[in-house]
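For reference, the chains in residue letters:
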Amino acid sequence: MVSSIFADTPDRYASRGFKAVIYSHSAKLEGKESFDLVLDSLRRESEQVDLLIISSLVGRADGTYAAGPTHKDSSERDSELTFLPERLNVKAEMSTDALDELRRLALRKGWLDACVQVASSVEQALEVAENAYKQSGDRSHMSCLVTGSSYLVAEALAVLEA
Amino acid sequence: MSLAKVLTWCNDEWYSLFDATNVFDSPAITAITKLGMDHVHLLGPSLADITRNKAGIMREHTICVTCEQSPEAFEVLMEHSNRLSAPLDDITDDDHSSDAIAALPTVAHRTNAAIALKVVAHLLHTDDLDQRLGAFDEQDVIQGLQRYKSPGSFREITKSRFHFLLDTAHNTLSLPVALEWFFEKAVSKEDE
């Protein structure tokens, strides 16, 4: 397991916590521009990040939304996720092509192949991060940022708090 | 209803300049938060273009509260301010001094809260409105800030050895803030 996302960064942080970033954007947002920014920002912090996961916006591996209608009966969850727009029901997942395109963009910017993963759901993205951490060996813990889209964060919250 | 806060919102096609909220000819006050390169494909391409759209909510002889802006944005706001005789009131360091504001997680939160407090302060000193607001005062706003909770904003969830940090940053203003927050938290976790 490599300990850096970049080929030109020395493997000198293996004993630190494992760091992952899960990112997604909806097609309607200024996605590529934001993704460029994420890539460039992480580049500046290159020695600290181990894994970037580009995720689709659906919550569950079966293609359903974890934070969507299945939780509408829970008043507690509704209040917890008040920022979640009703229009989450709009299919907002990114296509496989879109995910792969972002991955290629990261690789063109110098990211190591093994350190840029795509996930077809938020649930899968979280699993990829956790599995990568477990395979990293001696890391004490994992810090994982989930960012880029309110849909993504809503889904991740629903999965993590389920 | 004594007073209503009306939030301009992007309905995918029209923003502040043509926003539906502009049916209100005489708002008691307007406020513009930090301007940046957001919704560029609709409002841009430049920050000046974006600012011109956002400044569409400003009204004649009506105070507009804002925060520190980039020179490019501030110049546009000043143009509108002068043309409309609408005083532009920037928040200052003193406006960040309350404990409730200091307890908020990021500069962006603190700045927005300071703007809100300044708006209230102006309203409480506006003839007629002060009567209509009744017993409402700045302490009510402070209490509101203390109860502030945004589940998708700078949220941390720790499960065993997994430390998840979640934030809905999605543009060139908010993403660097979220990333900085992430690295700060991740490093402090390593020091525990």
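Residues numbered from 1 in each chain as written. Chains lettered and ligands numbered in written order. Predicted model: local features only at pLDDT ≥ 70, side-chain atom pairs only at ≥ 80, totals over all residues.

A word on the interface of chain A and chain B
Each partner contributes residues to the interface: chain A has 32 residues there, and chain B has 28 residues. When contributions to the side of chain A that touches chain B are tallied by element, the ones reaching two or more residues are α1 (31–44), β4 (142–147) and α5 (150–161) of chain A. When the residues that make up the side of chain A that touches chain B are grouped by side-chain class, the tally is 14 nonpolar, 11 polar and seven charged. Two elements, β4(A) and strand β5 (residues 162–167) of chain B, share six bridges in a ladder whose sense is parallel. The residue bridging A:L145 from the neighbouring strand is B:L165, located in β5(B). (Contact = placed C-beta atoms within 7 Å. Helix = DSSP H or I, 4+ residues; strand = E, 2+ residues; numbered from the N terminus. Nonpolar A, V, L, I, M, F, W, Y, C, P; charged D, E, K, R; others polar. Pairing = 2+ DSSP bridges.)

What to know about the environment of B:A116
Residue and element names in this part refer to chain B. By the secondary structure assignment, A116 is in helix α5 (residues 107–124). Take A116: there are 20 C-beta atoms within 10 Å of it, and that puts it in the buried class. Expressed as a C-alpha distance, the spacing of A116 and E138, which sit 22 residues apart in the sequence, is 9.8 Å. (Buried ≥ 20, exposed ≤ 12 C-beta atoms within 10 Å, placed from the backbone.)

Observations concerning helix α2 (residues 47–54) of chain B
All of the buried residues in α2(B) are B:L47, B:I50, B:T51, B:N53 and B:K54. Take α2(B) and look down its axis: the buried residues cluster within an arc of 160°, on one side only. (Arc of directions from axis to C-beta.)

Details of the sheet that holds strand β3 (residues 88–90) of chain B
Residue and element names in this part refer to chain B. Here three strands make up an open sheet; going across it, the order is β1-β2-β3 and the pairing parallel. At either margin of the open sheet sits one strand with a lone partner, and together these are β1 (30–32) and β3. The mean angle between the axes of side-by-side strands here comes to 25°, regardless of whether they run parallel or antiparallel. In the sheet, β1 pairs with strand β2 (residues 64–66) via three bridges, with the strands oriented parallel. Counted as the bridge partner of A31 is V65 from β2. (Axes fitted to C-alpha atoms, helices over the stretch in contact; angles between N-to-C directions.)

Some remarks on the nonpolar core
By size, the foremost hydrophobic cluster in this structure holds 56 residues, and its most contacted members are A:A20, A:I22, A:L52 and A:A129. Sort the elements by how many residues they give to this core and α5(A) lands first, with eight residues. The next biggest cluster of nonpolar side chains, apart from the first, holds 28 residues, and it includes B:L35, B:C64, B:L77 and B:I91. (Core = buried A, V, L, I, M, F, W, Y, C linked by C-beta atoms within 7 Å.)

Topic: the packing of α2(B) against helix α3 (residues 71–84) of chain B
Relative orientation and spacing of two packed helices are given, respectively, by the angle between their axes and the distance between those axes. Residue and element names in this part refer to chain B. With their axes 9 Å apart at the nearest point, α2 and α3 run at an angle of 35° to one another. Here α2 and α3 pass one another in a crossing that is right-handed. Taking contact as the criterion, the partners of L47, A48, T51 and R52 in α2 are, on α3, E72, A73, V76 and L77. The residue inventory of the contact of α2 with α3, partitioned by class, reads five nonpolar, one polar and two charged. (Left-handed = near helix turned anticlockwise from the far one by under 90°.)

Focus: the domain arrangement of chain B
All names here are of chain B. Annotation of chain B at the domain level lists domain 1 (16–146) and domain 2 (155–191). Using only C-alpha atoms to locate each centre, domain 1 and domain 2 end up separated by 28 Å. Between domain 1 and domain 2, the residue contacts involve six residues of the former and five residues of the latter. A per-class count over the side of domain 1 that touches domain 2 returns two nonpolar, two polar and two charged. (Domains from an automatic or database assignment.)

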